[in-house]
Amino acid sequence: MTASIKVGDRLPALQLPPVDRATLALFGGASGDHNPIHIDLDFARRSGMPDVFAQGMLGMAWVGRLITQWAPQARLRQYDARFAGITHLGNAITCSGEVVELLDRDGEACARVAVSSSNQYGQNKIVGEAIVALA
């Protein structure tokens, strides 16, 4: 990453396959998030949901992957996100980002990047921003 980065630059989008039960189970095992609302259909229905749905931290991990495919993890200075919607089974998520500001942070040249994920219907699931060192 060099000084050629400018406001308006877009990160290469990260397109993911549709969310399925296997993905939720694998992430639950890897993360230790065994909340039954993400893996147990009966529990999800008793909770008022039509089916299980993705863990919020899975969505954040995907956006984190978007960022670290653009810049090495060692350059990530800050990552903030909020959950904007439930990621249901069958949602095909696309993560995207755009450089919105170039700034100096504690003497280090950085970019502020707006990041988000959305499903195939354009519904936002995660929105946030990251601060990434440029060198």
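Let me begin by describing the structure that accompanies this report.

## Some thoughts on the pairing of strand β3 (residues 94-105)
Moving on, step 1. Direction of pairing for strand β1 (residues 14-15) relative to β3: antiparallel, over a ladder of two bridges. The residue of β3 that forms the bridge with glutamine 15 is threonine 94.
Moving on, step 2. Pairing of β3 with strand β4 (residues 108-118) involves eleven bridges; the strand directions are antiparallel. Across the sheet, residue aspartate 104 finds its bridge partner in β4, namely alanine 109.
Moving on, step 3. Hairpin connection from β3 to β4: two residues lie between these consecutive antiparallel strands, with aspartate 106 at a positive phi of about 55°.

## Details of the sheet that holds β3
Moving on, step 1. Taken together, five strands build an open sheet; the order of strands is β1-β3-β4-β5-β2 and the sheet is antiparallel. The open sheet terminates on both sides in strands that have one partner only, identified here as β1 and β2 (76-83).
Moving on, step 2. Sheet analysis places β2 next to strand β5 (residues 124-133), joined by seven bridges and oriented antiparallel. By the bridge assignment, arginine 82 is partnered in β5 with valine 127.
Moving on, step 3. Of the strands in this sheet, β1, β2, β3, β4 and β5 touch helix α3 (residues 56-70), which is tilted by about 145° from β2.

## As for the nonpolar core
Across soluble globular proteins, nonpolar side chains show a tendency to be buried alongside one another.
Moving on, step 1. Ranked by internal contacts, the top residues of the largest apolar core, which has 31 residues, are Trp62, Trp70, Cys95 and Val113.
Moving on, step 2. Among the elements of the structure, α1 (21-31), α3, β3, β4 and β5 are those that each provide at least two residues to this core.
Moving on, step 3. Ranked by the residues each element gives to this core, the list is headed by α3, at seven residues.

## A word on α3
Moving on, step 1. With 15 residues, α3 should cover 21 Å at 1.5 Å per step; its first-to-last C-alpha distance of 22 Å lies within 8% of that length.
Moving on, step 2. Within the span of α3, buried status applies to Leu58, Gly59, Met60, Trp62, Val63, Gly64, Leu66, Ile67 and Trp70.
Moving on, step 3. Buried residues along α3 sit against β1, α1, β2, β3, β4 and β5.

## Considering the side chain of serine 118
Moving on, step 1. Among the structural elements, serine 118 can be located in strand β4.
Moving on, step 2. Those residues in contact with serine 118, other than ones at most four positions away along the chain, are Ala92, Ile93, Thr94, Gln123, Asn124 and Lys125.

## A word on the pairing of β5
Moving on, step 1. By the criterion of burial, β5 is predominantly enclosed, with seven of the ten residues buried.
Moving on, step 2. Adjacent in sequence and paired antiparallel, β4 and β5 are bridged by five residues, among which glycine 122 carries a positive phi angle near 80°.

## Examining the pattern of salt bridges
Moving on, step 1. Per the counting criterion, the structure on display carries six salt bridges.
Moving on, step 2. Of the charged contacts, one joins aspartate 9 and lysine 6 as a salt bridge, the two residues approaching to 3.1 Å between their closest N and O atoms.
Moving on, step 3. Between arginine 21 and aspartate 51 there is a salt bridge, with the nearest N and O atoms lying 2.7 Å from each other. Highlighted residues: arginine 21 in helix α1 and aspartate 51 in the loop between α2 (41-46) and α3, separated in sequence by 30 residues.
Moving on, step 4. On the accessibility criterion, aspartate 51 (18% relative accessible area) is buried.
Moving on, step 5. Taken together, the shared-partner salt bridges connect Glu101, Arg112 and Glu129 into one network.

Conventions adopted
- Residues numbered from 1 in each chain as written.
- Predicted model: local features only at pLDDT ≥ 70, side-chain atom pairs only at ≥ 80, totals over all residues.
- Heavy atoms only, no water.
- Pairing = 2+ DSSP bridges.
- Helix = DSSP H or I, 4+ residues; strand = E, 2+ residues; numbered from the N terminus.
- Contact = heavy atoms within 4.5 Å.
- Axes fitted to C-alpha atoms, helices over the stretch in contact; angles between N-to-C directions.
- Core = buried A, V, L, I, M, F, W, Y, C linked by side-chain atoms within 4.5 Å.
- Buried < 20%, exposed > 50% of the residue type's maximum accessible area, 1.4 Å probe, protein only.
- Expected span 1.5 Å × (residues − 1).
- Salt bridge = Lys/Arg side-chain N within 4 Å of Asp/Glu carboxyl O.

Function cannot be inferred from these measures alone, as they are strictly geometric.
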